[in-house]
Amino acid sequence: MQHTSTQDTLVGLFVASGIIGLFFLAMQVSNLSSFVSEDSYTITARFENSGGLKIKSPVSAAGVKIGRVTAISFDPKTFESIVKMSINSKYNALPDDTTASIFTAGLLGEQYVNLDAGGSDTPLKNNGKIEITQSAIILEKALGQFLFKSAEEKK
Amino acid sequence: MTAFLEYLGQSTRISFTKLGRASYFLLQILAGILSLLARPRLLLKQLYSVGVLSFLIITISGLFVGMVLSLQGYYTLSDFGAEESLGVMVAASLVRELGPVVSGLLFAGRAGSALTAEIGLMKATEQLSGMEMMAVDPIRRIITPRFVAGLISMPLLAALFSAVGVIGGQMVGCGLLGVDEGAFWSQMQSGIDFKDDIINGVIKSLVFGFVTSWIALFEGYDAIPTSEGVSRATTRTVVNSAFSILGLDFILTALMFGEH
């Protein structure tokens, strides 16, 4: 009987360590910990061009991550891109004249939405819209414009 | 020429017959799962021999694989000044591929071969027929507990492998090579998705556990009951398991990660 009991303990330890391993992967290695049970609200913004923005791209304000992009769709009437973002409920005092712009982290890094708070007193509500937006900077376009301009100046 | 064609046809027929027997065998195993619930002690014993005894080889290999990955990745990444991405590189390759695949291969070598040899010897010494004589179904009594134990152990072992590997990678990366620890973890957390990466890795390891246990048990059960037959069956277990794991890994990867 003694033998079986140590065996049981070892099996228990094995299963426990496996589950701890899985838990470690979930909490420490993956992004699960930043998602768990966070209350959030949704806001939308229309961009002329959302560039390389992806679902799950970060949304930040003053350099601090406050939410994520949840959906990107194309409006067939206005030919704009509609970006839905879910923002952590802790930050529910964003004014309704907040500006949204798409920036790139570093020169070639991933793109993210940056929110610049305005001066209005009324906060953005759930499903609120951001009116003032600035599109993503497309590197090729910017380069093209720059080359075109420098060619003009030479004339 | 005729002899060659005859041989070709014969061997094709034999392999299809074998596949048919293997499928029937699998159905028998699955049919016995419910009755296993009434006797959990059988399962516990097998969890010990299949899972606990593989624990050491899996954790030690995981540690070294993670350390090597970190070392190799560092040299490549530092060429681009992207050492901070070491964490996400180590974790992604472990969680998506190396964890399930390498632990599957080790599992086939460590536990699968033992299962085949055990069942094959039971058959050779007529223990299985003896059980049938006593009206004990050898599939329910011997095979199903081992199968379920393999199915439970494999995801746990793969998770352990990846977890230990990440820790090994962190030890080498941050301790030896001087990558910033905060960047290592934060890049990892932003790069690894729970559903897309970790759950898919667990699904992979479940599939590998299923296939490896099935092959190992069937080869043992189907072995020619001589010492040579058992030795051949053991070899076939390791070879076939390795092929199936690597082949299935390609298919699963294409299915899971292909859409992005």
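Note that the structure is a prediction, hence the values are computed from the model and not measured.

**A look at the overall build of chain B**
Here is step 1: Of regular secondary structure, chain B possesses 9 helices and 0 strands.
Here is step 2: With respect to the principal axes defined by its C-alpha atoms, chain B has extents near 65 × 55 × 35 Å.
Here is step 3: Scored against the burial criterion, the 260 residues of chain B give a buried share of 42%.
Here is step 4: Considering only contacts within chain B whose residues lie at least 6 apart along the sequence, 87% involve residues at least 24 apart.

**Quick look at the pairing of strand β6 (residues 111-116) of chain A**
Residues and elements named next belong to chain A.
Here is step 1: As judged from the 3 bridges shared by strand β2 (residues 58-61) and β6, these two strands associate in the parallel manner. Along β6, the bridge assignment pairs S60 with N114.
Here is step 2: One ladder, built from 6 bridges, connects strand β5 (residues 99-104) with β6; its direction is antiparallel. Across the sheet, the residue bridging to T104 is Q111, located in β6.

**Some words on the interface of chain B and chain A**
Here is step 1: In this complex, chain B contributes 23 residues to the contact, which on the side of chain A involves 18 residues.
Here is step 2: Elements with a minimum of two residues in the side of chain B that touches chain A: α3 (40-79), α4 (86-124), α6 (138-176), α7 (181-191) and α8 (194-222) of chain B.
Here is step 3: For the side of chain B that touches chain A, the per-class residue count stands at 17 nonpolar, 4 polar and 2 charged.

**A look at the packing of α4 of chain B against helix α9 (residues 227-257) of chain B**
Residues and elements named next belong to chain B.
Here is step 1: At their nearest, the axes of α4 and α9 sit 8 Å apart, and the two run at 150° to each other. Taken together, the axes of α4 and α9 lie roughly antiparallel to each other. Where α4 crosses over α9, the two elements pack in a sense that is right-handed. Together, V101, G104, L105, A108, G109, G112, S113, T116, A117, G120, L121 and A124 of α4 and G229, V230, A233, T234, T237, V238, S241, A242, I245 and D249 of α9 make up the contact between the two elements.
Here is step 2: Partitioned by chemical class, the residues of the contact of α4 with α9 number 11 nonpolar, 10 polar and 1 charged.

Rules and cut-offs
- Residues numbered from 1 in each chain as written.
- Chains lettered and ligands numbered in written order.
- Predicted model: local features only at pLDDT ≥ 70, side-chain atom pairs only at ≥ 80, totals over all residues.
- Helix = DSSP H or I, 4+ residues; strand = E, 2+ residues; numbered from the N terminus.
- Buried ≥ 20, exposed ≤ 12 C-beta atoms within 10 Å, placed from the backbone.
- Contact = placed C-beta atoms within 7 Å.
- Pairing = 2+ DSSP bridges.
- Nonpolar A, V, L, I, M, F, W, Y, C, P; charged D, E, K, R; others polar.
- Axes fitted to C-alpha atoms, helices over the stretch in contact; angles between N-to-C directions.
- Parallel < 35°, antiparallel > 145°, perpendicular 65-115°, else oblique.
- Left-handed = near helix turned anticlockwise from the far one by under 90°.

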